[in-house]
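# Examination of the molecular architecture
Each chain, written out:
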Amino acid sequence: MKARITTVFMALLLGFNFGFAQQDEECMNNLSIFNSYVKSKKYDEAYEPWMAVRKKCPKFNRAIYAYGDDILEHKIETSTGAEKVAFIKDLMLLYDQSREYFPSKYALGEVLSDKAELAYTYRSELNMTKEQVYNMFDEAYEKDKANFTSPKGLYTYFSLIVDLYDDGKKSAQEMFDKYDDVIEIIEDITGKYTVQLNKIVEKEEAGQKLSKRDGQIKRRNESVIDAFETKIIPSMDKKLGDRANCEVLVPLYEKDFEKNKENTVWLQRAMNRMFAKGCKEEPLFLKLVEQKNNIQPTADTSYYLYLLTDEQKYFDQTIELETDPIKKAKLYKKLAEDLKSKGSYGTARRYFNEALKLNPSDGSPYLSIAAMYAKSANNCGSDNFSKRAVFWLAANTAERAGRVDGRLKKTAAQNAASYRASAPTKAEIFQKGNAGQPLKIGCWINITITVPEI
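Report follows, based on the coordinates. Model, not experiment: these values are computed from the prediction.

### Details of the overall build of the protein
The helix and strand inventory of the protein stands at 22 helices and 2 strands. Here the C-alpha coordinates of the protein stretch approximately 85 × 65 × 35 Å along the principal axes. Taken across its 454 residues, the protein has 49% of its residues classed as buried. Within the protein, counting contacts between residues at least 6 apart in sequence, those at least 24 apart form 62% of the total. Taking the 69 positively charged and 66 negatively charged side chains of the protein as two groups, their mean positions are separated by 5 Å.

Written out as structure tokens, the structure reads:
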């Protein structure tokens, strides 16, 4: 609920039902009073007029619920003992009332996850067990997972089942299933934000000036994607730790293989888990992949078969079977990274570029391409000057990563600066006498650049 306040702050008071307001001047006056106090962060003074409106006119205005969150959180933080518990329970009730009186503004999954997060924060004061709190998060997932999108809530949900597994209250399979459940939610969220972000990046790359709103959306979407991809998922993997190593996974999946060999979801998750944990050398991994590929071929099974066999037919099948552009971009990037590690830079660049076409807001392929250019410097020039000129191209490519992907701005700038430090100096350009002139870079790079002006 907290995240909604900043976006609706000014709009709430403009959203009066004026007919209702004229019928109850007292509620309108108290609403105005507590609004003024909240804006000044005088939450103790806001409490009484806020409660007066909440009790007498619960449907009067959404500000009752948006600002009530701040008021009650302040009360919780500044109270102790029974009084603190009473305020915690009242905030729980407020979440329910927000849904009751403004159902179109407060989704069920969001309200249930807000309540679960509050219960987790104050589980000691509420005398709740981890299992009880987990069940609250599980209710949000089961009843409305489409609106269970809080990064903190999703991490806590998974973290709790790991704790329950350690306590012997959940099985390893339940823990792994919940990991996959949460990852699927995250992929859905980040996929939607990425699609929006790509449209803005495409406009920017085409030379169009972004509107203020476009800029805001770009920053917001980058922030949300970054929160999930660089904080929540790595934290989940760290929490899972060695509980999902090959020694645990192999006997578990071998035991359950026969009863699940026609279960495509189980097969998919099992092979993904084994691959993620570096168990692809285990015979069981190939068994899982082949079985899944026999009954339901997917881009994932083809990709795994390509890695296991290095056969071109599986490589082609991987690209053919994947239809989701974001997932396809990730596959292109995986394939490109594999080729890069083998030194096949030309082909790797081609697939990195395919990934960029499908997901232009992910700047990481530019960093990989820049790194390949820099590593090829000694092989792609006829003399010392032309060899080191490759670093200009590497720097320009790295900088492009920062332009399209705000999350990489700092890294891109550092890489570009490092590459430029290895490029020819102004004195060397003067001595060569080719400032501002085109310079062809050969070998697999095969690109013409312009020598910088002095």
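### Observations concerning the pairing of strand S1 (residues 438-441)
In S1, alternate side chains face the same way, and those of Leu439 and Ile441 are buried while those of Pro438 and Lys440 on the opposite face are not. Sheet topology note: the S1/strand S2 (residues 447-450) ladder contains 4 bridges and is antiparallel. What sits directly across from Lys440, in S2, is Thr448. Taken together, S1 and the strand that follows it, S2, pair antiparallel across an intervening segment of 5 residues, in which Cys443 is found at a positive phi of about 45 degrees.

### Let's talk about the packing of helix H13 (residues 264-276) against helix H14 (residues 283-295)
For the pair H13 and H14, interaxial distance at closest approach is 9 Å and the crossing angle is 145 degrees. Two packed elements cross with a definite hand, and for H13 against H14 that hand is left-handed. Of H14, the residues touching H13 (which contributes Thr264, Trp266, Leu267, Gln268, Ala270, Met271, Met274 and Phe275) are Leu284, Phe285, Leu288, Val289, Gln291, Lys292 and Ile295. A breakdown of the residues in the contact of H13 with H14 according to their chemical character gives 11 nonpolar, 3 polar and 1 charged.

### Re the layout of surface pockets
Where empty space is left can be seen by rolling a probe of water-molecule size over the atoms. As a volume, the largest pocket reaches approximately 1,800 Å³. Taken together, 50 residues form the lining of the largest pocket, with Ile183, Glu187, Lys327, Lys330 and Lys334 sitting closest to its centre. Within the residue set of the lining of the largest pocket, elements represented by two or more residues are helix H10 (172-205), helix H11 (212-240), H13, helix H15 (299-309) and helix H17 (325-341). A per-element tally of the lining of the largest pocket places H10 first, with 12 residues. Split by residue class, the lining of the largest pocket holds 16 nonpolar, 12 polar and 22 charged.

### Here we look at the packing of H10 against helix H12 (residues 246-260)
Where H10 meets H12, the closest approach of the two axes is 11 Å, and the angle between their N-to-C directions is 100 degrees. Taken together, H10 and H12 sit at an angle that is classed as roughly perpendicular. For the pair formed by H10 and H12, the contact residues are Ala172, Gln173 and Phe176 on the first element and Val248, Leu249, Leu252, Tyr253 and Asp256 on the second. Along the lines of polarity and charge, the residues of the contact of H10 with H12 split into 6 nonpolar, 1 polar and 1 charged.

### Details of the pattern of salt bridges
Under the criterion given, the structure shown has 34 salt bridges. In this structure, Lys259 and Asp256 form a salt bridge, with 3.6 Å as the shortest nitrogen-oxygen distance. A residue pair is termed a helical-turn pair when its members lie 3 or 4 positions apart in one helix, as Lys259 and Asp256 do in helix H12 at 3 residues. Among the ionic pairs, Glu311 bridges to Lys313, the shortest N-O distance being 3.7 Å. Of the residues examined, Glu311 reaches a relative accessible area of 35% and is grouped as partly exposed.

Here is what the cut-offs are and how they apply
Residues numbered from 1 in each chain as written. Predicted model: local features only at pLDDT ≥ 70, side-chain atom pairs only at ≥ 80, totals over all residues. Heavy atoms only, no water. Helix = DSSP H or I, 4+ residues; strand = E, 2+ residues; numbered from the N terminus. Buried < 20%, exposed > 50% of the residue type's maximum accessible area, 1.4 Å probe, protein only. Contact = heavy atoms within 4.5 Å. Lys, Arg positive; Asp, Glu negative; His and termini not counted. Charge placed at Lys NZ, Arg CZ, Asp CG, Glu CD. Pairing = 2+ DSSP bridges. Axes fitted to C-alpha atoms, helices over the stretch in contact; angles between N-to-C directions. Left-handed = near helix turned anticlockwise from the far one by under 90°. Nonpolar A, V, L, I, M, F, W, Y, C, P; charged D, E, K, R; others polar. 1 Å grid on protein atoms, 1.4 Å probe; cavity = no way out; pocket = protein on both sides within 12 Å on 5 of 7 lines; lining within 4 Å. Points joined across faces, edges and corners; volume = space filled by probe spheres on them. Parallel < 35°, antiparallel > 145°, perpendicular 65-115°, else oblique. Salt bridge = Lys/Arg side-chain N within 4 Å of Asp/Glu carboxyl O.

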